[in-house]
Amino acid sequence: MDISIVIPLFNEAESLPELTSWINRVAAENHLSYELIMVDDGSTDGSWSTIEELAKNDPAIHGISFRRNYGKSAALFCGFRKAQGDVVFTMDADLQDSPDEIPEMYRMIREDGFDIVSGWKQHRLDNKVTKNLPSKLYNATARAITGIKLHDMNCGLKAYRREVIKDIEVYGEMHRYIPYLAKNAGYTRIGEKPVHHMRRKFGKSKFGASRFVNGFLDLMSLWFLSTFGKKPMHFFGYSGILMFLVGFVMTLWIILAKLAAQHAGRIYRAVTDQPLFYLALTAVLAGLMFFLAGFVGELVSRNSANRNDYNIKSEF
């Protein structure tokens with residue numbers, strides 16, 4: 001099978017007939033065999049009934065229905081697990097992603113050798129204040145931390161070589177950073193294609209301001225796990241040493257200042273009456289806690305069942 005298209009959806013019943021018809025036309029015109037995997041993430045508007053009706057007339061359509069809303073990452077995880085195509089696409093169900101982009105992105109994977117091709121909504125039709133500007137800030141931060149030069153990390157329209165989605169685990173709200181997960185798994189050929197962005201025709205946006213806060217926290221979690229996941233003592237140990245040094249310098253300063261005052265015959269207030277003493281004590285205790293956290297992290301890491309899991313590219 002040439003392609004699998006995984007579509008997570010939540011209350012998108014109105015757009016599904018047009019979307020499936022569009023995908024069918026594009027696949028037929030380009031002689032692509034395909035399967036369409038729709039994951040209903042606990043919709044309450046009859047989306048699942050619509051999927052069942054569409055599947056009766058099209059054997060390429062497959063469906064997964066959650067009993068409640070779990071989120072986009074869970075939907076993609078289940079869709080990826082079911083996908084069998086050589087190239088796996090993801091796209092949103094709201095008709096803002098154009099299926100006409102599929103043939104060229106497929107070619108970039110198969111002929112140009114990319115592991116991932118991410119869509120770039122170069123000319124967005126969203127509100128510039130509430131979506132465009134925050135999106136630019138979000139993507140700039142993501143590029144700086146991940147080292148992946150994508151303009152639109154969170155674009156729903158992406159294409160993956162099948163091995164990529166079988167080797168990564170999407171969980172929590174990590175769907176925003178699948179390219180970063182793939183990079184950490186060793187898939188570094190990541191390309192980008194400008195794609196056409198269309199206005200939403202039906203329903204309402206699931207966008208919320210908390211998305212950016214949650215996205216930043218998820219990014220920090222991924223960065224920490226990918227950098228120090230198997231060596232937590234390197235992070236906590238360095239931090240502990242730094243805090244100890246800060247506390248030691250403060251303590252040394254207090255002692256030297258007291259000795260100098262005594263030598264000069266000046267009145268010197270008690271050490272415990274000085275704010276610097278408590279700052280030094282706090283720094284030392286913080287350093288100790290960092291070290292303890294590092295030791296605990298090392299124990300957890302070394303006793304993990306997957307501590308020696310490595311992604312082997314080839315073997316003979």
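That block above? That's the structure.
To start, this report covers the structure provided alongside it.

The rules behind these values
Residues numbered from 1 in each chain as written. Predicted model: local features only at pLDDT ≥ 70, side-chain atom pairs only at ≥ 80, totals over all residues. Heavy atoms only, no water. Phe/Tyr/Trp six-rings, centres within 6.5 Å; stacked < 30°, edge-to-face > 60°. Lys NZ or Arg CZ within 6 Å of the ring centre and 35° of its normal. Helix = DSSP H or I, 4+ residues; strand = E, 2+ residues; numbered from the N terminus. Buried < 20%, exposed > 50% of the residue type's maximum accessible area, 1.4 Å probe, protein only. Expected span 1.5 Å × (residues − 1). Contact = heavy atoms within 4.5 Å. Axes fitted to C-alpha atoms, helices over the stretch in contact; angles between N-to-C directions. Parallel < 35°, antiparallel > 145°, perpendicular 65-115°, else oblique. Left-handed = near helix turned anticlockwise from the far one by under 90°. Nonpolar A, V, L, I, M, F, W, Y, C, P; charged D, E, K, R; others polar. Patch = residues over 30% accessible without salt bridge, like charges linked within 9 Å, V, L, I, M, F, W, Y side chains within 5 Å. Areas by Shrake-Rupley, 256 points an atom, 1.4 Å probe, with all protein chains shown as cover. Salt bridge = Lys/Arg side-chain N within 4 Å of Asp/Glu carboxyl O. Pairing = 2+ DSSP bridges.

**A few points about the packing of aromatic side chains**
Line of reasoning, step 1. Per the counting criterion, the structure on display carries seven aromatic pairs.
Line of reasoning, step 2. In this structure an aromatic cluster arises from ring pairing among F235, F236 and F290.
Line of reasoning, step 3. A cation sits over an aromatic face here: R189 above F114, 5.4 Å from the ring centre.

**Overview of unusual backbone geometry**
Line of reasoning, step 1. For N11, which is not glycine, the phi dihedral falls at a positive 55°.
Line of reasoning, step 2. Within the secondary structure, N11 is located in the loop between β1 (3–9) and α1 (16–29).
Line of reasoning, step 3. Classification of N11 as partly exposed rests on a relative accessible area of 23%.
Line of reasoning, step 4. One non-glycine residue, H31, lies in the positive phi region at around 55°.
Line of reasoning, step 5. Looking at the element boundaries, H31 is found in the loop between α1 and β2 (34–40).

**Re helix α10 (residues 275–302)**
Line of reasoning, step 1. Between its terminal C-alpha atoms α10 stretches 41 Å, which fits the 40 Å expected from 28 residues at 1.5 Å a residue.
Line of reasoning, step 2. Buried residues of α10: A280, A283, A286, G287, G294, G297, E298 and S301, and no others.
Line of reasoning, step 3. The inward-facing, buried residues of α10 contact α9 (232–264).

**Brief notes about the packing of α9 against α10**
Line of reasoning, step 1. Put simply, α9 and α10 touch, their axes get as near as 7 Å, and they point 165° apart. Put simply, α9 runs roughly antiparallel to α10. In the packing of α9 onto α10, the handedness of the crossing is left-handed.
Line of reasoning, step 2. Here the residues of the contact of α9 with α10 sort into 22 nonpolar, nine polar and one charged.

**A look at a nonpolar patch on the surface**
Line of reasoning, step 1. A cluster of nonpolar side chains, F244, Y278, L281, L285, L288, M289, L292 and F295, forms an exposed patch at the surface whose accessible area comes to about 770 Å².
Line of reasoning, step 2. Here L281 shows up in helix α10.

**Focus: the pattern of salt bridges**
Line of reasoning, step 1. All told, the structure shown has 10 salt bridges when counted by the stated rule.
Line of reasoning, step 2. Its salt-bridge partner being R107, residue D112 comes within 3.0 Å of it at the nearest N-O pair.
Line of reasoning, step 3. R107 sits in the partly exposed class, given a relative accessible area of 28%.
Line of reasoning, step 4. Residues participating in the shared-partner salt-bridge network are E104, R107, E111 and D112.

**Let's talk about the sheet that holds strand β3 (residues 61–65)**
Line of reasoning, step 1. Pairing is mixed in the open sheet, where seven strands are placed in the order β3-β2-β1-β4-β6-β5-β7. Edge positions in the open sheet fall to β3 and β7 (190–194), since each of these has one partner strand only. The mean inter-strand angle of the sheet, taken between neighbouring strand axes irrespective of direction, is 20°.
Line of reasoning, step 2. Summarising the sheet, strand β5 (residues 116–120) and strand β6 (residues 158–161) pair through three bridges and their orientation is antiparallel. Its bridge partner lying in β6, I116 is registered against Y160.
Line of reasoning, step 3. Contacts from helix α2 (residues 47–57) reach β1, β2 and β3, with the element oriented near 155° to β3.

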